[in-house]
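Chain residues, written in single-letter form:
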Amino acid sequence: MKEIFLVETRSWWQHPWLFCVRLDEVAVLQGTPLIGFAFAHYRAGQGLPWSDALAVLAAVVCASVSLVAHIVVLNDWAGIDSDLKDPGRRARTFLSLGVTRRAMWWLAQFFAVSGLVVAAHLGAPALWIAAGMLATSALYSAPPLHLKSAPVAGSLLHLVGGSLHFLLGYLAIAPLDFPSVIFACYFGVVFAAGHLMHEVRGHDADLANGIRTNAVAFGRKVTFISALALFSLAYLLLAVCSALVQHWGLVCLSAGTYGLHVVKSWHALRSKLELHSMLQLQSQYRFNFAVIGIALLATFTQPSIRGV
């Protein structure tokens with residue numbers, strides 16, 4: 001009865017159908033293609049006229065929102081059986097909200113087709129990127145492969161998916177080049193590292209449900225250290241790419257935020273990866289990358305980056 005009451009009193013944007021899409025998470029992830037678009041536009045020297053640029057940007061956002069929504073919905077649809085076995089997740093599944101499995105399946109397909117249609121409007125490169133994102137999603141979540149339960153393979157898919165997400169915005173208006181590849185790798189590494197941290201926190205539930213994540217296969221501490229190594233690589237990639245475009249403020253920002261990340265990671269290790277310290281670390285690195293994202297967008301509005 002309590003769960004029903006909570007569902008009935010949700011805000012309009014938490015309507016069961018919208019809640020299934022996890023609009024808050026989908027919205028946060030739009031920063032990646034947005035930065036890709038900004039990087040491409042401001043490196044182009046002349047760039048596009050603002051009216052054309054805004055039209056392309058709107059299409060990039062629509063394509064990205066549809067593709068990310070598809071990834072979220074498909075993952076929840078494919079993992080519903082294990083979620084129902086987890087007391088901490090059962091009350092937050094789409095079935096508890098009155099949405100059927102069949103409806104979730106068709107919702108995922110709707111978002112997939114929408115994303116492809118809009119990406120096709122942006123041109124062949126964006127269409128191929130969109131197709132790649134859908135392929136990584138299918139490999140990760142959908143049966144029979146369901147590589148979510150395959151250690152290392154799942155992390156590689158996150159690495160590829162995060163990189164492609166950046167390139168969705170970049171390739172909409174610019175050809176692939178070395179700095180864009182480095183930045184794409186940066187976002188892919190951040191995405192993969194963040195998911196390893198998620199696996200560390202979800203170790204007990206995944207173990208109980210027979211999901212063989214990296215944390216289950218190799219242990220929480222090994223996975224945590226692997227995530228820290230990937231995060232370290234991400235900060236290094238950011239510093240390298242910032243140096244390539246001669247923006248030394250970003251290099252300093254990368255070094256400073258990395259120091260904060262290491263301190264929180266050390267505290268988490270000393271606490272033996274206790275939940276509270278892990279959540280503190282999560283808050284720290286999310287704050288770090290939010291600040292970095294804002295700094296990147298601000299930097300890409302500077303004329304000095306054009307023509308690099």
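It should be emphasised that the depicted structure is a prediction, and the values quoted were computed from it without experimental measurement. (Residues numbered from 1 in each chain as written. Predicted model: local features only at pLDDT ≥ 70, side-chain atom pairs only at ≥ 80, totals over all residues. Heavy atoms only, no water.)

A. Local environment of the overall build of the chain. Helix and strand counts for the chain stand at 16 helices and zero strands. The 308 residues of the chain split such that 47% are buried. Taking contacts inside the chain between residues at least 6 apart in sequence as the whole, the part at least 24 apart equals 73%. (Helix = DSSP H or I, 4+ residues; strand = E, 2+ residues; numbered from the N terminus. Buried < 20%, exposed > 50% of the residue type's maximum accessible area, 1.4 Å probe, protein only. Contact = heavy atoms within 4.5 Å.)

B. Local environment of the nonpolar core. Within the largest apolar cluster, 59 residues are counted, with the highest numbers of intra-cluster contacts made by Phe166, Phe183, Tyr186 and Leu296. Residue contributions to this core peak at 11 residues, all from helix H11 (residues 178-201). For phenylalanine 183, the residues in contact, after removing those within four places along its chain, are Phe39, Phe166, Leu238, Cys241, Leu296 and Phe300. Core analysis: the second largest hydrophobic core is formed by 18 residues, Leu74, Ile80, Leu107 and Ala142 among them. (Core = buried A, V, L, I, M, F, W, Y, C linked by side-chain atoms within 4.5 Å.)

C. Quick peek at the packing of aromatic side chains. Taken as a whole and judged by the stated rule, the model has 14 aromatic pairs. A ring pair is formed by phenylalanine 39 and phenylalanine 183, whose centres lie 4.8 Å apart and whose planes are at 75°; its orientation type is edge-to-face. Of this pair, phenylalanine 39 sits in helix H4 (residues 31-43) while phenylalanine 183 sits in helix H11, placing them 144 residues apart in sequence. Across the pair, phenylalanine 183 and phenylalanine 39 agree in class, each one buried. Taking 6.1 Å as the distance between ring centres and 20° as the angle between the ring planes, the aromatic pair formed by phenylalanine 166 and tyrosine 170 counts as stacked. Taken together, the residues span about one helical turn, with phenylalanine 166 and tyrosine 170 both in helix H10 (residues 153-170) at a distance of four residues. The rings of Phe39, Phe166, Tyr170, Phe183, Tyr186, Phe187, Phe231, Tyr235, Tyr258, Tyr285 and Phe289 are connected pair by pair, giving a single aromatic cluster. (Phe/Tyr/Trp six-rings, centres within 6.5 Å; stacked < 30°, edge-to-face > 60°.)

D. The arrangement of unusual backbone geometry in detail. With omega at 5°, the peptide bond leading from proline 143 into proline 144 counts as cis. Checked against the element boundaries, proline 144 lands in the loop between helix H9 (124-141) and H10. Phi at valine 152 is positive, roughly 70°, even though this residue is not glycine. Since its relative accessible area comes to 43%, valine 152 is described here as partly exposed. If you check the backbone angles, leucine 273 has positive phi at about 60° while not being a glycine.

E. Highlighting the pattern of salt bridges. Under the counting rule described, the total for this entry stands at three salt bridges. Between arginine 22 and aspartate 76 there is a salt bridge whose closest N-O contact spans 2.7 Å. With arginine 22 in the loop between helix H2 (16-21) and helix H3 (23-28) and aspartate 76 in helix H5 (residues 50-78), this residue pair connects regions lying 54 residues apart in the sequence. Relative accessible area serves as the criterion here: at 17%, aspartate 76 is assigned to the buried category. Note that arginine 101 and aspartate 81 form a salt bridge whose closest N and O atoms lie 3.1 Å from each other. (Salt bridge = Lys/Arg side-chain N within 4 Å of Asp/Glu carboxyl O.)

F. How the structure looks around a nonpolar patch on the surface. The grouping of Phe178, Leu233, Leu236, Val240 and Leu244 at the surface amounts to a nonpolar patch, some 440 Å² of accessible area in total. A total of four residues in the nonpolar patch trace back to one element, the largest contributor, which is helix H14 (residues 220-244). The topology assignment puts valine 240 in helix H14. (Patch = residues over 30% accessible without salt bridge, like charges linked within 9 Å, V, L, I, M, F, W, Y side chains within 5 Å. Areas by Shrake-Rupley, 256 points an atom, 1.4 Å probe, with all protein chains shown as cover.)

G. Just helix H8 (residues 101-122), in detail. The end-to-end C-alpha distance of H8, which contains 22 residues, comes to 32 Å, matching closely the 32 Å that a straight helix rising 1.5 Å per residue would cover. Within the sequence span of H8, burial applies to Ala103, Met104, Leu107, Ala108, Phe111, Ala112, Ser114, Gly115, Ala119 and Leu122. Backbone geometry just after H8 places glycine 123 at a positive phi near 120°. (Expected span 1.5 Å × (residues − 1).)

H. Representation of the confidence of the model for the chain in the model. Residues of the chain with pLDDT of at least 70 account for 90%, and the chain-wide mean is 86. In the model of the chain, helix H1 (residues 2-8) stands out as the element of lowest mean pLDDT, 40, in contrast to H10, which has the highest, 95. Segment residues 1-10 is flagged for pLDDT under 50; beyond a separation of four residues in sequence, or across chains, it makes four contacts in the model. pLDDT under 50 marks residues 304-308. Its contacts with residues more than four places away, or in other chains, come to 16 contacts. (pLDDT = per-residue confidence, 0-100.)

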